[in-house]
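Next come the chains, spelled out residue by residue.
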Number of protein chains: 6
Amino acid sequence: MKGKSPKESHTIMNELVLPNDTNTINNLMGGRLLHWMDIAAAISAQKHCNRIVVTASVDNVSFQHPIKLGDVITIEAKVSRAFTTSVEVRLDVWAQNIPSGTRVKSNEAYYTFVALDQNGRTIPVPELVPETIDEIALFDGALRRRQLRLILAGKMKPDDATELKALFFGEQTS
Amino acid sequence: MKGKSPKESHTIMNELVLPNDTNTINNLMGGRLLHWMDIAAAISAQKHCNRIVVTASVDNVSFQHPIKLGDVITIEAKVSRAFTTSVEVRLDVWAQNIPSGTRVKSNEAYYTFVALDQNGRTIPVPELVPETIDEIALFDGALRRRQLRLILAGKMKPDDATELKALFFGEQTS
Amino acid sequence: MKGKSPKESHTIMNELVLPNDTNTINNLMGGRLLHWMDIAAAISAQKHCNRIVVTASVDNVSFQHPIKLGDVITIEAKVSRAFTTSVEVRLDVWAQNIPSGTRVKSNEAYYTFVALDQNGRTIPVPELVPETIDEIALFDGALRRRQLRLILAGKMKPDDATELKALFFGEQTS
Amino acid sequence: MKGKSPKESHTIMNELVLPNDTNTINNLMGGRLLHWMDIAAAISAQKHCNRIVVTASVDNVSFQHPIKLGDVITIEAKVSRAFTTSVEVRLDVWAQNIPSGTRVKSNEAYYTFVALDQNGRTIPVPELVPETIDEIALFDGALRRRQLRLILAGKMKPDDATELKALFFGEQTS
Amino acid sequence: MKGKSPKESHTIMNELVLPNDTNTINNLMGGRLLHWMDIAAAISAQKHCNRIVVTASVDNVSFQHPIKLGDVITIEAKVSRAFTTSVEVRLDVWAQNIPSGTRVKSNEAYYTFVALDQNGRTIPVPELVPETIDEIALFDGALRRRQLRLILAGKMKPDDATELKALFFGEQTS
Amino acid sequence: MKGKSPKESHTIMNELVLPNDTNTINNLMGGRLLHWMDIAAAISAQKHCNRIVVTASVDNVSFQHPIKLGDVITIEAKVSRAFTTSVEVRLDVWAQNIPSGTRVKSNEAYYTFVALDQNGRTIPVPELVPETIDEIALFDGALRRRQLRLILAGKMKPDDATELKALFFGEQTS
């Protein structure tokens, strides 16, 4: 299987915040955004794998700014690293207010997906070959994020998380 | 403001997995589940705060088992700790297959919410007073999870995360 | 087939009233509530039968109080009686206003369901074994409600409705 | 206020049964149909009242035939009687299978609505003036159905339901 | 195959404009209306063909008047001409404001559909036999509209569009 | 008001074809695609105008290839010309099949939008300044398309459509 570059899985999604996506003070509900992000990330993962994929995990996501009714959401997704049968997808989310034209970064997030064949069995995926400096940084950070996921899921002992320990000595998280 | 027990915010939600919630091999999409979990958690947070709440963050969630079309999802949510103007909500998710009657634990997760007044400003919330041994364990673990959130959001230096370090020396994660 | 108690089919559903569920003066539309009630009742019936079920009827439902945008709806359902291939499910619905914390009883209702096998043919269901005094009262009233359904559907002559006549001589309706 | 004929509120709605409206053996779920019926009936009531209306009750509805994915549903609604501030709407529902062209009567039902002004207070509605023999029969039967609703809601003693007693001595139910 | 009259495919759809169908100043979004029109037209085409149909084209649609939240939309559709394996459906759309009772013509449109068998292959459809003067005018205009479609899709040279040229010398467009 | 280039309104939307978007042989329904295209085009128009916009018209759209359940739809939109208070948006739509990786052009279309202020009155919009050869060709063709719209809406006499006549003497339509 030939490796692929991140730009081959680059996916952009724009959504309009409609009334049913908001609470009674017209703020976008977090779960609705998580749902859109999952669809954008799944499309990106599918472009990389040419396979049906299922969500395996979502990393910690924080919502910094309220997003309002009528705003335009832009979600950009691309695969940041491939493992044997799974991929990690990096997401960047912006919210644009139309009358003012202001656009703020709303979220960054990582979703992981497992690739499946038509019988629902896991199947190997193409390697990711990062090209730019940013893509290489995301690729390298993926090991650290994976260790944190495994520890939080009770599947790895903290002592074995050699990569993750870097997190606690001053490195950037992404 | 009088403190409240976790059972006052206890919320149960049952949902049926319908075609639009699934991918082409009939597995529930992760984003749809994250959306339902956010609604269940928001209802729980609102019961505790008697206020409109907005999602502030969701912690790492992993999806262990495929959930299928036609399954019944049960989500249980209750507030695990209150901070000054925010609450952490603990979620437990099960999936039940109807013909076989089997029911599997699908997820555990933590969502946090900020309470707002009618003008969208943050406002203090009642304290949480845990009662059972499990509730006290969740209450204690909340500090550790909060430190991890702050580090991942770039708002705390790892060195200051005194509670979190316990995570890396063999304690349970919840 | 072993009998089951009502608590084995006990189902709780919480829903948030969103803009699309309401009319232009922000009242929940009745049909949306009937839809949610059907899903909650179907989940309950499926837990009892371990079968796919289809709605056979809904009894008279009245809507006493307006339910508002942003309210939290709680629906509780449990099987009140099983017949040969069908079950009657009792529903209780509450609406909670978040800022005030007030919670009012909104509805009581009965839905009936027929159990089907994978080919869409009716199939016998387990007996219901009521345990509490309330459950026994619901179980006994089921015959009366069934006769009213049959008369209203033109399938029974009023003269043969021996149980129903009690309704017209002062008994409780549930 | 000038009286109106039933044809002024005559409303026809056609819907296509889509995947999300069905269960796992491709039968339309009853709650989805009740939701569509409520919208059709509300439109009809609004045409009669020229007011916002809210659902006050739905009478016993039975589902005789399975309706399948891809079928076309036709709902016809018209006001059958007006009371002081409310109306009763009669609904007839058909399901058409496209390849075969067969069309079966699926349901008959009665929904009642209360008319509200912009402040949510009840307000008088125009009289209904039935014109055809069928419309007069529906108009006359409305009193009987109203008494049954009041008894089932615990608002009338059975002994006072003089009109309803006719139901138990051989008259048609509609 | 026996020919059919337009009234055999006559389809009426009523929809209520709900919050999610509108933009932030409470106007119905055009795309939502195009979606409803497609469903109404597809039902009409299916009644004529007794086959699954897929949309082949929609002609130029203009939106003259804003339609508001809470309005009742009425869509009428009927087949205006059948070709070998396809049909043209004519749509008329009105919007009714409930408190005022005013009803305005919102749109006229033509959608075309291709009939398919269960394997997704095109299949011949019954002829349309127009009966009234209006139906004959729609039937005759269909050739002209078809030529415009073919030119716009790059499938016909303008010089060959003998029928269409009439459009540019003063005839009515429908 | 400063003019804007087409790239400032460039909008990309990716959507996954889900069960409710398809008919019973798993083909995307045309109306659903028209709805997505309207949202993508409205976002693009809003980016250009920094105003709320409403759909004024959609030009003839033809659907050449069936799009299947599970396909990824990519919609690209950008403003092709601005008039006094309105803009024309050009759309290009592709459908990608995931397992095969094949991607086909599905549609081209033009939607027009009118810009409104908060009181719903039309308001002037910035000029469009095309930059590339393709953008200039789209800009020039806009007059011709506008004349066709006006004729089809009965607002211009064919004899006055000087630009449009070019269409009938062999020019490309876009």
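Residues numbered from 1 in each chain as written. Chains lettered and ligands numbered in written order. Predicted model: local features only at pLDDT ≥ 70, side-chain atom pairs only at ≥ 80, totals over all residues. Heavy atoms only, no water.

(A) Representation of the relation of the copies chain C and chain E. Placing chain C over chain E gives an RMSD of 0.0 Å and needs a rotation angle of 120 degrees, together with 0.0 Å of translation along the axis. On the angle and the small slide along the axis, the relation comes out as a three-fold axis. (Least-squares fit on C-alpha atoms with pLDDT ≥ 70 in both.)

(B) Up close: the side chain of D71 of chain D. Residue and element names in this part refer to chain D. Looking at the element boundaries, D71 is found in the loop between β3 (61–62) and β4 (72–82). Here D71 is buried and forms no salt bridge, its nearest opposite-charge partner K68 lying at an N-O distance of 8.0 Å. If we skip the residues at most four places from it in the chain, D71 touches E15, L16, V17, A95, Q96 and N97. (Helix = DSSP H or I, 4+ residues; strand = E, 2+ residues; numbered from the N terminus. Buried < 20%, exposed > 50% of the residue type's maximum accessible area, 1.4 Å probe, protein only. Lys, Arg positive; Asp, Glu negative; His and termini not counted. Salt bridge = Lys/Arg side-chain N within 4 Å of Asp/Glu carboxyl O. Contact = heavy atoms within 4.5 Å.)

(C) View of the interface of chain C and chain E. The interface of chain C with chain E comprises 5 residues on the first partner and 6 residues on the second. Counting each side, the surface lost to burial between chain C and chain E is near 410 Å², with a carbon and sulfur contribution of 70%. Three residues stand out in chain C for area buried against chain E, namely N20, T24 and M29 of chain C, and they jointly supply 79% of the buried area on that side. Summed over the shared surface of chain C and chain E, the number is 0 salt bridges. The residue inventory of the side of chain C that touches chain E, partitioned by class, reads 2 nonpolar, 3 polar and no charged. (Buried area = accessible area lost by both parts, 1.4 Å probe. Nonpolar A, V, L, I, M, F, W, Y, C, P; charged D, E, K, R; others polar.)

(D) Inspection of the interface of chain B and chain A at higher detail. Listed per partner, the contact involves 41 residues of chain B and 41 residues of chain A. Between chain B and chain A lies a buried interface of about 3400 Å² when both sides are counted; carbon and sulfur atoms form 66% of it. Along the contact surface separating chain B from chain A lie 0 salt bridges. Our enumeration of links across chain B and chain A arrives at 10 residue pairs in polar contact (both at pLDDT 80 or more). Elements supplying a minimum of two residues to the side of chain B that touches chain A: α1 (30–49), β2 (52–58), β3 (61–62), β6 (103–116) and α2 (133–152) of chain B. With 7 residues, the top contributor of residues to the side of chain B that touches chain A is β2 of chain B. For the side of chain B that touches chain A, a count of residues per class yields 20 nonpolar, 14 polar and 7 charged. Note: strand β2 (residues 52–58) of chain A against β3 of chain B, 2 bridges, orientation antiparallel. When the bridges of β3 of chain B are listed, S57 of chain A appears paired with S62 of chain B. (Polar contact = N/O pair within 3.5 Å; in protein donor to acceptor, adjacent residues only side chain to side chain. Pairing = 2+ DSSP bridges.)

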